[in-house]
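# Per-entry structural report
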Amino acid sequence: MATLDLKDIRKSFGDVEVLHGIDAAIKDSEFVAILGESGCGKSTLLRIIAGLETSSSGQILIDGKEVSDRTPRERDIAMVFQSYALYPHMTVTENIRFPLELANWSKDDINEAADKAIAMLNLQPVAARKPRELSGGQRQRVAMGRALVRQPKVFLFDEPLSNLDAKLRVQMRAEIRDLQRQLGTTSVYVTHDQIEAMTMADRVIVMNNGKVEQFGAPLELYDKPANRFVASFIGSPPMNFVVGEINASETVREFIFEDMRLKLGAAQLPAGPVIMGFRPEHITLSRSGTGGLKGRVITEENTGDRTFLVVDVNGASMGVTSSTRLDVGTGDHVTLVPDLSRLHFFDPDSEMRL
Amino acid sequence: MSDIVQTKRRMPTDKVLLHVAMIAAVIITLGPFVWIALSAFKTQIVLLMGDITFSPVSYNFDEVLFDRRSTYPQNFLNSLIVAGVSTTLVIVIAFLAGYSLLRMNWPRWILNAFLVWAMLFNLVPPVSLASAWYELFRTVNLSIDLVALTLAHTTLNLPLALWLLISFFREVPRELEEAAFVDGAKFLTLLRRVIVPVMMPGIVATAVLVFIFSWNEFPVALALTNNKTATVPVAIAKYVQEEEIKYTQMAAASVLSAIPALIALIFGQRFIVKGLTAGAVK
Amino acid sequence: MTSVQLGWMPKYGSLFPAVVFFLALAVLPVANLIFLSFMDISWSGGVVQREFVGLENYAALGDDPLLKAGIVNTLILVVVATSCQVLLGLALAIACSSLGHSSRLYRTLFILPILIPGIIIGAIWRLMYNFQFGIINQGLDLLGIPAVDWLGSPHLALASVIVVDIWHWTPFSFLLLLAAVEGLPKDVSEAAKVDGATAWQEFRRVSLPLLWPAIFMTFIFRAVIAFKVFDEVFLLTSGGPGTATEVISFTIYQRFFLQDNPGYGSAISVAVIFSVALIIAIALQLQNRREATR
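Conventions we followed
- Within each chain, residues carry numbers counting from 1 in the order of the written sequence.
- Going through the entries in the order they are written, you letter the chains from A and number the ligands from 1.
- Given that this is a predicted model, residues contribute local features only at a pLDDT of at least 70 and side-chain atom pairs are listed and counted only at 80 or more, while totals for whole chains, interfaces and linings are drawn from all residues.
- Where side-chain values are given, they derive from all heavy atoms of the structure, hydrogens and water being excluded.
- Each helix is a run of H or I in the DSSP string that is no shorter than four residues. Each strand is a run of E no shorter than two, and both are numbered from the N terminus.
- Computation of the radius of gyration draws on C-alpha atoms alone. For the globule rule, the value is 2.2 Å times the number of residues to the power 0.38.
- Summary of the burial criterion: residues with accessible area below 20% of their type's maximum are buried, those above 50% are exposed, and those between are partly exposed, where the area comes from a 1.4 Å probe applied to protein chains only.
- Any two residues whose heavy atoms approach within 4.5 Å are treated as being in contact.
- For this count, His and the chain ends are skipped, Lys and Arg are scored as positive, and Asp and Glu as negative.
- By convention, charge coordinates are those of NZ in Lys, CZ in Arg, CG in Asp, or CD in Glu.
- Residue exposure ignores everything except the shown protein chains as possible cover, and the areas themselves are Shrake-Rupley values with a 1.4 Å probe.
- Nonpolar side chains (Val, Leu, Ile, Met, Phe, Trp, Tyr) within 5 Å and like charges within 9 Å form the patches, drawn only from residues with over 30% relative accessible area and no salt bridge.
- Should a side-chain nitrogen of Lys or Arg be within 4 Å of a carboxyl oxygen of Asp or Glu, the pair is scored as a salt bridge.
- Pairing of N or O atoms within 3.5 Å defines a polar contact, subject to two protein rules: one partner must be a possible hydrogen donor and the other a possible acceptor, and residues neighboring in sequence count only if both atoms are side-chain atoms.
- Think of it this way: DSSP has to see at least two bridges between two strands before they count as a pair.
- A simple way to read buried area is as the amount of 1.4 Å-probe accessible surface that goes missing from two parts once joined, with both sides added.
- In the scheme used here, Gly and all other residues not listed as nonpolar or charged are polar, with Ala, Val, Leu, Ile, Met, Phe, Trp, Tyr, Cys and Pro taken as nonpolar and Asp, Glu, Lys and Arg as charged.
- A helix is expected to reach a length of 1.5 Å times the quantity of its residues less one.
- What the bend at a residue measures is the angle between two axes, fitted to the seven residues ending there and to the seven starting there.
- All axes here are fitted lines through C-alpha atoms, helices being fitted over the stretch that makes contact, and every angle between N-to-C directions spans 0 to 180 degrees.

## What to know about the overall build of chain C
Within chain C, the regular secondary structure consists of 13 helices and two strands. On C-alpha atoms alone, chain C measures out to a radius of gyration of 24 Å, which is more than a quarter above the 19 Å that the 2.2 N^0.38 rule sets for 294 residues. With respect to the three principal axes, the spread of C-alpha positions in chain C is 80 × 75 × 35 Å. A buried classification covers 55% of the 294 residues belonging to chain C. If you take every contact in chain C between residues at least 6 apart in sequence, the share linking residues at least 24 apart comes to 65%. Here chain C contributes 16 positive and 18 negative side-chain charges, whose respective centroids are spaced 11 Å apart.

## Some thoughts on the overall build of chain A
What chain A contains, in helices and strands, is nine helices and 20 strands. Dimensions of chain A, computed from the C-alpha atoms along their principal axes, are close to 75 × 45 × 35 Å. A buried classification covers 52% of the 354 residues belonging to chain A. Summarising the internal contacts of chain A: among those between residues at least 6 apart in sequence, 66% fall at separations of at least 24. Total accessible area on chain A is roughly 15,700 Å²; 48% of this is exposed by carbon and sulfur atoms.

## A look at a nonpolar patch on the surface
On the surface, Leu77(B), Leu80(B), Ile81(B), Val85(B) and Leu89(B) cluster together into a nonpolar patch covering about 370 Å² of accessible area. Looking at the element boundaries, Leu77(B) is found in helix H5 (residues 72-103).

## A short note on the side chain of Ser55(A)
Note that Ser55(A) resides in the loop between helix H1 (42-50) and strand S4 (57-62). Side-chain polar atoms of Ser55(A) contact the backbone oxygen of Ser57(A), separated by 3.5 Å.

## Topic: the sheet that holds S4(A)
Hydrogen bonds between backbone atoms are what pair the strands of a sheet, whose relative direction is either parallel or antiparallel. Residue and element names in this part refer to chain A. The four strands are arranged S2-S1-S4-S5 in an open sheet whose pairing can be described as antiparallel. Edge positions in the sheet fall to strand S2 (16-26) and strand S5 (65-66), since each has one partner strand and no second. With two bridges joining them, S4 and S5 adopt antiparallel strand pairing. By the bridge assignment for S5, Leu-61 is matched with Glu-66.

## What about the pattern of salt bridges?
Under the counting rule described, the total for this entry stands at 18 salt bridges over all chains. The closest approach of N and O atoms between Arg10(A) and Asp8(A), which form a salt bridge, is 3.4 Å. Take Asp8(A): its relative accessible area is 34%, and that puts it in the partly exposed class. In this structure, Arg47(A) engages Glu190(C) in a salt bridge whose closest nitrogen and oxygen atoms are separated by 2.5 Å. Placement of Arg47(A) in helix H1 and of Glu190(C) in helix H9 (residues 186-194) is noted, with the two residues assigned to different chains. Assessed through its relative accessible area of 7%, Glu190(C) is described here as buried. Bridged by salt links that share partners, the residues Arg47(A), Glu53(A), Lys186(C) and Glu190(C) form one connected network.

## A look at the interface of chain B and chain C
Across the boundary between the two partners, chain B contributes 90 residues, which contact 86 residues of chain C. Across the chain B to chain C interface the summed buried area is about 8,200 Å²; carbon plus sulfur atoms make up 78%. For the pair chain B and chain C, the interface holds zero salt bridges. Counting every contact that joins chain B to chain C gives 13 residue pairs in polar contact (both at pLDDT 80 or more). For the side of chain B that touches chain C, the element with the highest residue contribution is helix H2 (residues 12-39) of chain B, accounting for 14 residues. In terms of residue class, the side of chain B that touches chain C is built from 65 nonpolar, 18 polar and seven charged.

## A look at helix H8 (residues 157-182) of chain C
All names here are of chain C. For H8, spanning 26 residues, the distance from its first C-alpha to its last is 37 Å, which sits close to the expected 38 Å at 1.5 Å a residue. A maximum bend of about 40° is found in H8 at Trp-169, where proline Pro-171 lies one to four positions downstream. Among the 26 residues in H8, 22 count as buried, and that is most of the element.

## Let's talk about helix H7 (residues 126-139) of chain B
All names here are of chain B. For H7, which comprises 14 residues, the first-to-last C-alpha distance of 20 Å matches the rise-based estimate of 20 Å (1.5 Å per residue) to within 8%. Within H7, eleven of the 14 residues are buried, which leaves the element mostly enclosed by the surrounding structure. All of the buried residues along H7 are Pro-126, Val-127, Ser-128, Leu-129, Ala-130, Ser-131, Ala-132, Trp-133, Glu-135, Leu-136 and Phe-137. In the stretch just after H7, Asn-141 is the one whose phi turns positive, near 55°.

## Topic: the pairing of strand S9 (residues 203-208) of chain A
Residues and elements named next belong to chain A. Most of S9 is tucked away, with six of its six residues classed as buried. In S9, alternate side chains face the same way, and those of Arg-203, Ile-205 and Met-207 on one face and Val-204, Val-206 and Asn-208 on the other are all buried. Sheet analysis places strand S3 (residues 31-35) next to S9, joined by four bridges and oriented parallel. Each residue of the ladder has a partner; that of Val-32, found in S9, is Arg-203. Relative to strand S10 (residues 211-216), S9 runs antiparallel, the two being bridged by five bridges. Residue Met-207 lies in a different strand from S10, and its bridge partner there is Val-212. Once S9 ends, the chain turns through two residues before running back antiparallel as S10, passing Asn-209 with a positive phi of about 50°.

## Comments concerning the sheet that holds S9(A)
All names here are of chain A. Read from one edge to the other, the open sheet built from six strands follows the order S6-S7-S8-S3-S9-S10, with strand pairing classed as mixed. The sheet terminates laterally at strand S6 (77-80) and S10, the two strands that pair on one side only. The mean inter-strand angle of the sheet, taken between neighbouring strand axes irrespective of direction, is 15°. Strand direction decides the pairing type here: strand S7 (residues 154-158) and strand S8 (residues 186-191), joined by five bridges, are parallel. Paired with Val-154 across the strands is Thr-186, a residue of S8.

## A word on unusual backbone geometry
All names here are of chain A. Of the consecutive residues Ser-236 and Pro-237, the connecting peptide bond is found in the cis state with omega at -5°. The topology assignment puts Pro-237 in the loop between helix H9 (228-233) and strand S11 (240-248). Positive phi values are uncommon outside glycine, yet Tyr-84 reaches one of about 75°. Locating Tyr-84 in the fold gives a position in the loop between S6 and helix H3 (92-102). The buried category is assigned to Tyr-84, whose relative accessible area is 6%. In this model, Asn-122 sits at a positive phi of 55°, which is unusual for a non-glycine residue. Within the secondary structure layout, Asn-122 lies in the loop between helix H4 (107-120) and helix H5 (136-148). Owing to a relative accessible area of 55%, Asn-122 belongs among the exposed residues under this scheme.

The analysis is restricted to geometry; functional conclusions fall outside its scope.
As structure tokens, this is what we get:
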């Protein structure tokens, strides 16, 4: 049980700074996902937390104690690697016992803890096998077992599900989440898959270009993205954006884009140019209508439960999804009316949420 | 990479100690070469006196290279011919055989037979082979001819080359050849335009190694040559057998004989490492 | 499939030269060697006299003091030199690997001895070991230690030869083991670090077991080459003093060429070839069994 605090973590390789001051306070027992595209620095950050790499500056505190200059073994952490990194020359049991032997546990304690972990992960049938004789899912479980058996202060996961097929991934997602809840161990989980991050984590750190874009609960990221990057990154298909103008008079506030005028409520928005965002799933589509964006359907995809349209609005492509079947086809002229209560506005210069 | 970065900050003393140890190892490795190179520039008397400081002379090199009685230039030429011709033969024969064995649907046991030959051949002391070849070439009156030595060296290095080239062939994707076939290439065109270019690093690695091994080979050359056809190693061995050993000339001849190795090391280090490790790892 | 498209000419034509060399220069001479080993061969009046003597040559192997010394010395050399080379090579490989890119120059320089002719290695060390002016005795002299006759003393000669062999071939072990060390899975050693292993524990419990097959193969490779040692001995000591540095290859050379006794010389060769093949086969079997039970 532990808290994990990151304070202004910076990392440079040569002249190139890849982490530009990461701050995060992770609570005890919390499951935090670090979400970002490859190359955004999320793995480097995790490796710095693990002690496999040193930061150029900044502090890491586990349970309030500074560990930045400690070796991995002194930090009392466990890590599940993307490739699992099981010891190829040891059996499943030996793999799971190994960390305990290194920690000089007594024989009896080791046996008990290892047996418990093996039972917990349903690994009894393969306990005597070597890693190369296991399926992907079983290897994944062994990696988990090796991490949890020592009851470390913090679990670190480096894209642990990326080598599994889609079906197994969904199953392991739930298993990892349940195990973490059961054990209550503070966890940091690196992934590029937003579904994993949104479904598993208590809170998500969205990273981009070595910076934290937003740190919040999954629905917070969806409902109140802190900036345009998070808005477009979270949600699939991504949010639509139009650049327009806020017209604020005494009585009424309007968003004006070409011949679309949307009456806004009491939102305190300054007059002037602004980026408006709206999600594809928050749009009402009509054949002919006013008060919306006029456009022409370019493509239409139907998955049965959902319809996805791409609509060309004056050269810009806008996505529209609907859970009801829409009676429109390619080439039809339509009007998109965004849901007024779910609009997002961003400053056109800083791209921050207004 | 990350390891270096990580430990640089934490414990620079470890790295310093490692570098000191490595430099000591380099001195032990190179020291003897430096010493013999220095000796080659001394006169016999200076060497025997064991003086530390001396004024370098080129006398030994003059004697070895330009003296009328010296056979060294001839020896050097012999070595070049034997190593050059046998390397060419080895590469061509092993390349064709390797390609044929791997890609032309030979029964599995034929490939295995060649690989086992390649392995077993390594176990046989070259002296035994030297005696076998000596007997064989004597019956056809070739026993002291450069042709005999060239053929012997070709046979000696063929298994190694076959072994190496087969391991390099395995890295060439079959689709590449199939694409060439679909494009209408004939066998020789396929080899010349597709396989050889793709295999070039492997071929060079093998050729460098085979050349060096042929250049260095001693027991077979000793058995199959006379004064006129002697190769460089045989010539150097002869210095020792003379009544009064000309140490400094031996040193000079040794330095000259190391030239191919030095050239290979400077220009082909990458290939040598590739060749030496590929043979063992596979 | 490929061969169907190409026809039979390329298929047979490309293998033909290798088969010719294989039969004419590998199989035939060795068969001839086996044949000769049952013969007593002598020269009289410029004509070769061959007489079939059955297993007589092989029976004589047991009473040959030179061969006996050769076998004993070769085994000592193989075991001592190869063990030292593997240990030193492993240490250097690990050091180089942990230094990463900054060790590139070392890696290049270490290779040099492998490429130099064995005869020249012999020549160099013969000068360095020289009683009068060799650098080693000069060094001892500076320390006030009296000169040692490295190659002339029956007690030291073999050790001196072994030192040369270690110096000559440690780079080869280094190169093979470096490839193995660099091939170790990086994530596994990181996992060990995170699991709480000290550097020594990580080496002992993770790296070493994973390196074991490579260490074994390096040992075999080196042992095979060490077993054939000839060049350095020829130049350094010629087997002497007495039989102090007599090695098997040199025995064959002496019996076959110097004493011109091809029948008996062939018998030694044949016996050696078969013994080595047998030893290697047993070693590989043991290793395979060890792998299987682990």
